[in-house]
Amino acid sequence: MPDNLFFTEAKDSVLRFIAKEYPTMPENLITVIIDNFYKFCFYEEESQKIKPRLIVTNNIDTINKTIPNCFKLQLFSDEDVRMFSSRLKSLLLFCLNDWITYVEYRDNHFNYGICKVFNSIKEKALNQLIFESEPVLTNEKLSLFLLNTLSSYAVNLKGIRGSDIIINFSINDSNLLNTSNVIKRFVNASFSKLKTTKTKLSEIKILFENILKKAINNIHGAICVVVDKDFRDPKGFFDDGIWLEEPIEFSKTFLQSKSYSEAKLQNIAELFISMLNYDGITIVDNTGRIRAYNIFIKSDKSAKRSIVGGARKRAAYAIIDSGLSKVMGVFFHSQDGEVFYEEVKK
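Figured I'd write up the structure that's included with this text. No experiment lies behind these values; they were computed from the predicted model shown. (Residues numbered from 1 in each chain as written. Predicted model: local features only at pLDDT ≥ 70, side-chain atom pairs only at ≥ 80, totals over all residues. Heavy atoms only, no water.)

Quick look at helix H11 (residues 311-320)
Note the following rule: Burial status follows relative accessibility: with a 1.4 Å probe on protein chains alone, a residue under 20% of its type maximum counts as buried, one over 50% as exposed, and anything between as partly exposed. Labels follow the DSSP assignment, with helices taken as runs of H or I lasting at least four residues and strands as runs of E lasting at least two, numbered in each case from the N terminus. Every residue pair with non-hydrogen atoms within 4.5 Å of one another is taken to be in contact.
Taking burial as the measure, the ten residues of H11 include seven buried ones, the bulk of the element. Those residues of H11 that sit buried are Lys-313, Ala-315, Ala-316, Tyr-317, Ala-318, Ile-319 and Ile-320. For H11, the elements touching its buried residues are strand E10 (222-227), strand E12 (281-285), strand E14 (327-333) and strand E15 (339-343).

If you want it as structure tokens, here you go:
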């Protein structure tokens, strides 16, 4: 008989996490969350891969009333947890549009719904605002944690009492994700030569971070290369693709005027996400201008090192190893959730 191996250490970590963050959670809710835990990594609806976000709490109204412009919609209320999987199946599809699903145990009922903040794409999302809200973090009666799917093998649990763990279903423990820091490094590189006020620079960086987080949740993979604002391509390394005659300038469009159109902002953000989702490489410069997309590098420019992964990853490392002048770095996102930003080797 073969050995039957279980991720018991991961289960024990989740149980310790819940004991700290939600000590009064009913046993039957703990059981169904543990039983369904692995499904969050592989969740798919009508061939559309979804990275679920789930709030588990004893009082969702506290969030709704405390976080400005927060909206919650309760859709189901049950006296037991037998419908847990069915309820989530009905709700998780909304995560594609930045909603967060929630399950609340309150007054002996299990309530299910979705919530979101209705603010500008230039402002922080609900999953960030919760953990920056002093009234939320200091509310001794509130129990709440966020389950956030990072990839096809990793799930993050973060609670308002300070617990923060990643459960990794991969045997290789070297690939634990730190997506937020990767995105920040990429965004900092993308605006390193933008001349504006500190306030406006912070605002546009939040905008760009929000766009990238949405992209990571909704697209199959991407390569985005950061070049210097004065970059030219005399060797034709990136000549196979579409270069914009008029680069799209986030700073000029949204920061150099006293007012802006939220609809225009949303639509250009969606345009950038669509470019990232195209086959090939998207190119931005370090003043935040979108310069090109659908770029392919020639096969004779393949990476020199041995790369474990598909064509997209080999292309990313080919650029990193190229030593090209005024090419700053490469942001990479794979279909299974691997994310990195690396500077080009000079």
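Some thoughts on the nonpolar core
Rules: Residues enter a nonpolar core if they are buried and are Ala, Val, Leu, Ile, Met, Phe, Trp, Tyr or Cys, with the set joined through side-chain atoms within 4.5 Å.
With 35 residues, the main nonpolar core has Ile-18, Met-25, Leu-29, Phe-37, Val-56, Phe-84 and Phe-145 as its most contacted residues. Put simply, the parts of the chain that give this core at least two residues each are helix H1 (8-21), helix H2 (27-36), strand E3 (53-57), helix H4 (84-91), strand E6 (109-117), strand E7 (144-149) and strand E8 (154-159). Per-element tally for this core: the top contributor is H2, with five residues. Apart from residues lying up to four places away in sequence, Met-25 is in contact with Ile-18, Ile-30, Ile-33, Val-56 and Phe-145. Ile-121, Phe-186, Ile-248 and Ile-290 belong to the second-largest nonpolar core, a separate cluster that totals 34 residues.

Quick look at the environment of Asp-80
Our working rule: Identification of polar contacts relies on pairs of N or O atoms within 3.5 Å, with a donor-acceptor requirement for protein atoms, meaning one able to donate a hydrogen and the other able to accept it, and with residues adjacent in sequence counted only if both atoms are side-chain atoms.
Along the chain, Asp-80 falls in the loop between strand E4 (70-78) and H4. Judged by relative accessible area, which is 26%, Asp-80 ranks as partly exposed. Through-space distance from the C-alpha of Asp-80 to that of Arg-291 is 54 Å; in sequence the pair is 211 residues apart. Among the polar contacts listed, one links the side chain of Asp-80 to the side chain of Arg-82, at a separation of 3.1 Å.

Details of the packing of helix H7 (residues 179-190) against helix H8 (residues 198-218)
The test is simple: Interaxial angle, 0 to 180 degrees, is taken between N-to-C directions of lines fitted to C-alpha atoms, where a helix line uses only the stretch in contact. Our angle categories are set so that under 35 degrees counts as roughly parallel, over 145 as roughly antiparallel, 65 to 115 as roughly perpendicular, and the remainder as oblique. Helix crossings fall into two classes, left-handed where the near helix is turned counterclockwise from the far one by less than a right angle and right-handed where it is turned clockwise. When residues are grouped by polarity, Ala, Val, Leu, Ile, Met, Phe, Trp, Tyr, Cys and Pro land in nonpolar, Asp, Glu, Lys and Arg in charged, and all others, Gly among them, in polar.
Look at H7 against H8: their axes get within 10 Å of each other, and the N-to-C directions meet at 130 degrees. Regarding the angle of H7 to H8, the classification is oblique. Where H7 crosses over H8, the handedness of that crossing is right-handed. Contacts from Thr-179, Ile-183, Lys-184, Phe-186, Val-187, Asn-188 and Ser-190 of H7 reach H8 at Lys-205, Phe-208, Glu-209, Leu-212, Lys-213 and Ile-216. Of the residues assigned to the contact of H7 with H8, the class counts are six nonpolar, three polar and four charged.

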